Amino acid sequence: MDLTFRRFAPSEADALVDFLTGDTWPFHASAAPEVDEVRRWISEGRYDGEENRAFWIVAGDGTAGLIRLMDLADDTPLFDLRVRSRWRGTGIGGAALTWLTRYLFEEFPRVRRIEGTTRQDNAAMRRAFRRCGYVKEAHYRDAWPGTGGSVHDAVGYAVLRRDWESGGVTVPEWDDEHMITERVRPE
Ligand SMILES: CC(C)(COP(=O)(O)OP(=O)(O)OC[C@H]1O[C@@H](n2cnc3c(N)ncnc32)[C@H](O)[C@@H]1OP(=O)(O)O)[C@@H](O)C(=O)NCCC(=O)NCCS
């Protein structure tokens, strides 16, 4: 599929409101955002500012999704990725994740790692993470608010610049309790 990524401009606020309110986002805390809520997010600079940028995912001549990059002044930025329902499951999410990973590492030389968190049962997002070299680093129990007061576990993934450059995968050192079983005396 022919995809292009075009930076969101503040003059496109109405289109962004239509995009976010015209679909449902079952894995987001706000699954069906209201117009006022989205206008507030835009006015807070969440999509364009010192630390945030957004990009439309364009498929042919249609808008298929949106990437939001956050914490761009930090050495570990975060992102949000949304594909319109009728386009989901067609490879766009994986392609967008590959694109944003390259964009962040090339545009911001200071960035050492990129993090993303999602709901435990968001299989498509988790598979996209895995396909694009992200590794599960964290599991947060009861951390993700759902509808009607429910809560879900959340999972955190990240990709390291050095892995992205080498094509390798550095696995977290999970089995490290041995480091705290004996008191270590500084030399
Ligand atoms: C999550 C999301 C971005 C993934 O993008 P997508 O275009 O639907 O996913 P892709 O078609 O690129 O598929 C990615 C992987 O998930 C798999 N997949 C796709 N839909 C799936 C589904 N419903 N259930 C299980 N696996 C699925 C694909 O087979 C692929 O796996 P593979 O790489 O091992 O072959 C998209 O579904 C979306 O926007 N969902 C709603 C918003 C959201 O949840 N965003 C994430 C917020 S953290």
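What counts, and at which threshold
- Residues numbered from 1 in each chain as written.
- Predicted model: local features only at pLDDT ≥ 70, side-chain atom pairs only at ≥ 80, totals over all residues.
- Heavy atoms only, no water.
- Helix = DSSP H or I, 4+ residues; strand = E, 2+ residues; numbered from the N terminus.
- Buried < 20%, exposed > 50% of the residue type's maximum accessible area, 1.4 Å probe, protein only.
- Contact = heavy atoms within 4.5 Å.
- Near = heavy atom within 4 Å.
- Polar contact = N/O pair within 3.5 Å; in protein donor to acceptor, adjacent residues only side chain to side chain.
- Areas by Shrake-Rupley, 256 points an atom, 1.4 Å probe, with all protein chains shown as cover.
- Nonpolar A, V, L, I, M, F, W, Y, C, P; charged D, E, K, R; others polar.
- Salt bridge = Lys/Arg side-chain N within 4 Å of Asp/Glu carboxyl O.
- Arc of directions from axis to C-beta.
- Expected span 1.5 Å × (residues − 1).
- Core = buried A, V, L, I, M, F, W, Y, C linked by side-chain atoms within 4.5 Å.

J.: Before we go on, may I ask you to explain the overall build of the protein in this structure?
T.: Check the secondary structure of the protein and you find five helices and seven strands. Walking the protein from its N terminus toward its C terminus, one meets helices and strands in the order β-α-α-β-β-β-α-β-α-β-β-α. Principal-axis analysis of the C-alpha atoms places the extent of the protein at approximately 60 × 40 × 30 Å. For the protein, the proportion of its 187 residues judged to be buried stands at 41%. Counted over contacts in the protein with a minimum sequence separation of 6, partners at least 24 positions apart contribute 55%.

J.: Explanation requested: the site of the ligand in the structure shown.
T.: Inspection of the region around the ligand gives 21 residues, with Leu81, Val83, Gly91, Gly93 and Arg131 positioned closest. Between the ligand and Val83 there is a distance of 2.6 Å, counted from an oxygen atom to a backbone nitrogen or oxygen. A distance of 3.2 Å separates an oxygen atom of the ligand from a polar atom in the backbone of Thr90. Within the complex, the protein chains bury 75% of what would otherwise be the 930 Å² of accessible surface of the ligand. The set of elements that each furnish at least two residues to the shell around the ligand consists of β4 (78-83), α3 (92-107), β5 (113-119) and α4 (123-131). For the shell around the ligand, the element with the highest residue contribution is α4, accounting for five residues. Taken together, the residues of the shell around the ligand sort by class into seven nonpolar, nine polar and five charged.

J.: Explain unusual backbone geometry here, please?
T.: If a residue is not glycine, its phi is most likely negative; likewise, a peptide bond is most likely trans. A positive phi angle is found at Asp71, which is not glycine, with a value near 55 degrees. In this model, Asp142 sits at a positive phi of 50 degrees, which is unusual for a non-glycine residue. Judged by its relative accessible area of 56%, Asp142 is exposed.

J.: Mind showing me how you'd approach the pattern of salt bridges here?
T.: Opposite charge on two side chains allows them to pair when their charged atoms are near. Taken as a whole, this structure holds 13 salt bridges when the rule is applied. A salt bridge links Arg102 to Glu106; its shortest N-O distance comes to 2.6 Å. Note that Arg102 and Glu106 are positioned in helix α3 at a spacing of four residues, about one turn of the helix. Linking Asp121 and Arg119 is a salt bridge whose minimum nitrogen-to-oxygen distance equals 2.8 Å. A residue is classified by how much of its surface remains accessible, and Asp121, at 41% relative accessible area, is partly exposed. A residue is classified by how much of its surface remains accessible, and Arg119, at 11% relative accessible area, is buried. A single salt-bridge network, built from bridges that share partners, covers Arg40, Glu44 and Arg46.

J.: In this structure, what is going on with helix α2 (residues 35-43)? I would like to understand it.
T.: Each α-helix turn comprises 3.6 residues. Residues three or four places apart therefore point the same way. Val38, Trp41 and Ile42 are the residues of α2 that are buried. Projected onto a plane normal to the axis of α2, the buried residues spread over an arc of 100 degrees and lie on a single side. Opposite the buried face of α2, by more than 90 degrees, sit the exposed residues Asp36 and Ser43. Buried residues along α2 sit in contact with α1 (13-21). Positive backbone phi, at 80 degrees, marks Gly45, one or two positions downstream of α2.

J.: What's the story with the environment of Thr90 in this structure? I'm lost.
T.: Tracing the chain through its elements places Thr90 in the loop between β4 and α3. Taking relative accessible area as the criterion, Thr90 reaches 40% and is therefore assigned partly exposed. Once the C-alpha coordinates of Thr90 and Met1 are considered, the two residues, 89 residues apart in sequence, prove to be 8.8 Å apart. For Thr90, the side chain forms a polar contact with the main-chain oxygen of Trp87, separated by 2.6 Å.

J.: Help me understand α3, please; the structure alone is not making it clear to me.
T.: Here α3 is 16 residues long and its end C-alpha atoms lie 22 Å apart, about the 22 Å a rise of 1.5 Å per residue gives. Of the residues making up α3, those classed as buried are Ile92, Gly94, Ala96, Leu97, Leu100, Thr101, Tyr103, Leu104 and Phe105.

J.: Before we go on, may I ask you to explain the nonpolar core in this structure?
T.: When a protein is soluble and globular, its nonpolar side chains tend to lie buried together. Leu69, Phe79, Leu97 and Tyr134 are the most contacted members of the largest nonpolar core, which has 30 residues in total. Broken down by secondary-structure element, the contributors of at least two residues to this core are β2 (53-59), β3 (62-70), β4, α3, α4 and β7 (151-160). Setting aside anything within four residues of it in sequence, one finds Leu97 in contact with Phe79, Leu81, Met125, Ala128, Phe129, Cys132 and Tyr134.

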